[in-house]
Amino acid sequence: GTEEGKFTTPHAVAVDSEGRVLVADRENNRVQMFRRDGHFLGAWGDFYHPMQVWIDARGLVFVTDQIPRISLLSHDGRLIGRCRGAINGAHGLSGDAEGNLYLAELPPQEITKLELLAGWMGRQRWYAAKGSPPRLRKLWSWRLDDPAGQVGIETILVVDEAGLEALLSHSA
């Protein structure tokens, strides 16, 4: 059903550190929240067929949908950011203690790892501040969309302030 607390294709369930149960209600384009006893608490919208909900150790909520995109929300449902992290949409999503995300993609029938930029930079042979973890500060980011809606280019420009000299880097 479409009423509060009812579902049309519940697709994923996650429980946060406070015991709230979050359910991806795919065909109703929302994530609904409940107490463990089933009492309805509220719903978050602005998704297109949400498929997976995952909550990290900080309490941040990740939702995949069929746009395809990944939405990052605060504990109270405020949208923090969105990206297109998968080719055709992540049917499943999880993460690890380092902050990397793992996506189950259908198709191309594979698992994709989205790695945090700071962790990746620190392992590169060209990284100048060896022995120090990168300290990244975001300068600017933007997204160029494909007019056909197929692929976009996401770019983030950061400066690493860990070394003796600031290192400017970008990811596309």
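Right above here is the structure, for reference.
Read on for an overview of the structure.

Reading the values: rules and limits
Residues numbered from 1 in each chain as written. Predicted model: local features only at pLDDT ≥ 70, side-chain atom pairs only at ≥ 80, totals over all residues. Heavy atoms only, no water. Helix = DSSP H or I, 4+ residues; strand = E, 2+ residues; numbered from the N terminus. Contact = heavy atoms within 4.5 Å. Buried < 20%, exposed > 50% of the residue type's maximum accessible area, 1.4 Å probe, protein only. Pairing = 2+ DSSP bridges. Axes fitted to C-alpha atoms, helices over the stretch in contact; angles between N-to-C directions. Phe/Tyr/Trp six-rings, centres within 6.5 Å; stacked < 30°, edge-to-face > 60°.

### With respect to the environment of alanine 24
Consideration 1: The topology assignment puts alanine 24 in strand β2 (residues 21-25).
Consideration 2: Counting along the chain gives 25 residues from alanine 24 to histidine 49, while the straight-line C-alpha distance between them is 8.2 Å.
Consideration 3: When residues no more than four places from it in sequence are discounted, the contact partners of alanine 24 are Thr9, Pro10, His11, Ala12, Arg30, Val31, Pro50, Met51 and Val53.

### Some points on the environment of proline 133
Consideration 1: With respect to the helices and strands, the residue proline 133 is situated in the loop between α1 (117-122) and β12 (136-145).
Consideration 2: Assessed through its relative accessible area of 61%, proline 133 is described here as exposed.
Consideration 3: As for proline 133 and arginine 123, which are separated by 10 residues in sequence, their C-alpha atoms are 9.5 Å apart.

### Digging into the sheet that holds strand β4 (residues 40-44)
Consideration 1: Pairing is antiparallel across the open sheet formed by 4 strands, whose spatial order is β1-β2-β3-β4. The sheet is open, and its two borders are formed by β1 (10-15) and β4, each paired with just one other strand. Neighbour-to-neighbour, the strand axes of the sheet open up by a mean angle of 20 degrees, direction not taken into account.

### Observations regarding the packing of aromatic side chains
Consideration 1: Throughout the structure, instances matching the rule amount to 3 aromatic pairs.
Consideration 2: Ring geometry for phenylalanine 7 and phenylalanine 34: centres 5.7 Å apart, planes at 55 degrees, overall tilted. Note that phenylalanine 7 is positioned in the segment before β1 and phenylalanine 34 in strand β3 (residues 30-34), a separation of 27 residues in sequence.
Consideration 3: Measuring from centroid to centroid gives 5.3 Å for tryptophan 54 and phenylalanine 62, while their planes differ by 40 degrees, and the two rings are tilted.
Consideration 4: Here tryptophan 54 falls in the buried class, since its relative accessible area comes to 17%.
Consideration 5: For phenylalanine 62, a relative accessible area of 8% translates into the label buried.
Consideration 6: Grouping aromatic residues by their ring pairs yields a cluster made of Phe7, Phe34 and Phe40.

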